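# Commentary on secondary and tertiary structure
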Amino acid sequence: RGAQDVFEALLGGRDHLMGDDFSAADVIAWPFLRYGHGRGPGDEEPFHVILGDNLSLEARPRLDAWLRRVGERPGTDPNPGS
C-alpha cells in the first residue's frame, strides 16, 4: 500500500508516471494498479483478488485520475476480468 503513495507523488504536476508523455512506465504499472478500481464480474483469479483487496484509491486522487486516463487509451481494458 505504501507504494501507492509513491505513485500518487509521481503524478504530482504531471499526466503520467515519468512526465507528461505516456511511457513504458505507464504500460508496466497500469495492468497491476488498475485493480484499485476493482475486478470485473466473475474475475476470481487469485492474483487479481489479492490486488483488488490490497489496492486502495482512497486519498489518492491523482492515481485514480491516471488509472482512468490510461484506461481510456486504445488497446487497454478498463474493465479487468470482464
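Right, let's get into the overall build of the chain. If you tally the helices and strands in the chain, you get 4 helices and 0 strands. Each helix and strand of the chain, ordered N terminal to C terminal, gives the series α-α-α-α. Referenced to the eigenvectors of the C-alpha coordinate spread, the extents of the chain come out at roughly 35 × 30 × 15 Å. The buried share of the chain, taken over its 82 residues, is 30%. Counting only contacts in the chain whose residues sit at least 6 apart along the sequence, the fraction spanning at least 24 positions is 63%. Averaged over its 9 positive side-chain charges, the chain has a centre that lies 3 Å from the centre of its 14 negative ones.

One pass over the structure, following the stated rule, counts 4 salt bridges. As a salt-bridge pair, Glu44 and Arg39 come within 3.6 Å of each other at their nearest N and O atoms.

Here the focus is the packing of helix 1 (residues 2–10) against helix 4 (residues 61–71). For any two helices packed against each other, one specifies the crossing angle of their axes together with the interaxial distance. Across the interface, helix 1 lies against helix 4 with an axial gap of 8 Å and an inter-helix angle of 75 degrees. As summarised for this structure, helix 1 and helix 4 are arranged roughly perpendicular, according to the angle between their axes. Residues Gln4, Phe7, Glu8 and Ala9 of helix 1 form the contact with helix 4, whose own contacting residues are Pro61, Arg62 and Leu63. Split by residue class, the contact of helix 1 with helix 4 holds 4 nonpolar, 1 polar and 2 charged.

Here is what the cut-offs are and how they apply
- Per chain, the residues get numbers from 1 upward, laid out in the order the sequence is written.
- Confidence filtering applies because this is a predicted model: local features only for residues at pLDDT of at least 70, side-chain atom pairs given and counted only at 80 or more, and all residues used for totals across whole chains, interfaces and linings.
- Working from all heavy atoms in the structure, the side-chain values ignore hydrogens and water.
- Starting at the N terminus, helices and strands are each numbered in turn, a helix being any DSSP run of H or I of at least four residues and a strand any DSSP run of E of at least two.
- Only protein chains enter the accessibility calculation, which uses a 1.4 Å probe. A residue is then buried if its area is under 20% of the maximum for its type, exposed if over 50%, and partly exposed in between.
- Here, residues are in contact when the closest pair of their heavy atoms is within 4.5 Å.
- His is not counted here, nor are the chain ends, while Lys and Arg score as positive and Asp and Glu score as negative.
- The location of each charge is read from NZ of Lys, CZ of Arg, CG of Asp or CD of Glu.
- Here, a salt bridge means any side-chain nitrogen of Lys or Arg that lies within 4 Å of a carboxyl oxygen of Asp or Glu.
- Helix axes use the C-alpha atoms of the stretch in contact, all axes being lines fitted to C-alpha atoms, and the angles between their N-to-C directions lie in the range 0 to 180 degrees.
- Roughly parallel here means an angle under 35 degrees, roughly antiparallel means over 145, roughly perpendicular means 65 to 115, and every remaining angle is called oblique.
- Residue classes follow a fixed rule: Ala, Val, Leu, Ile, Met, Phe, Trp, Tyr, Cys and Pro count as nonpolar, while Asp, Glu, Lys and Arg count as charged, and any other residue, Gly among them, counts as polar.

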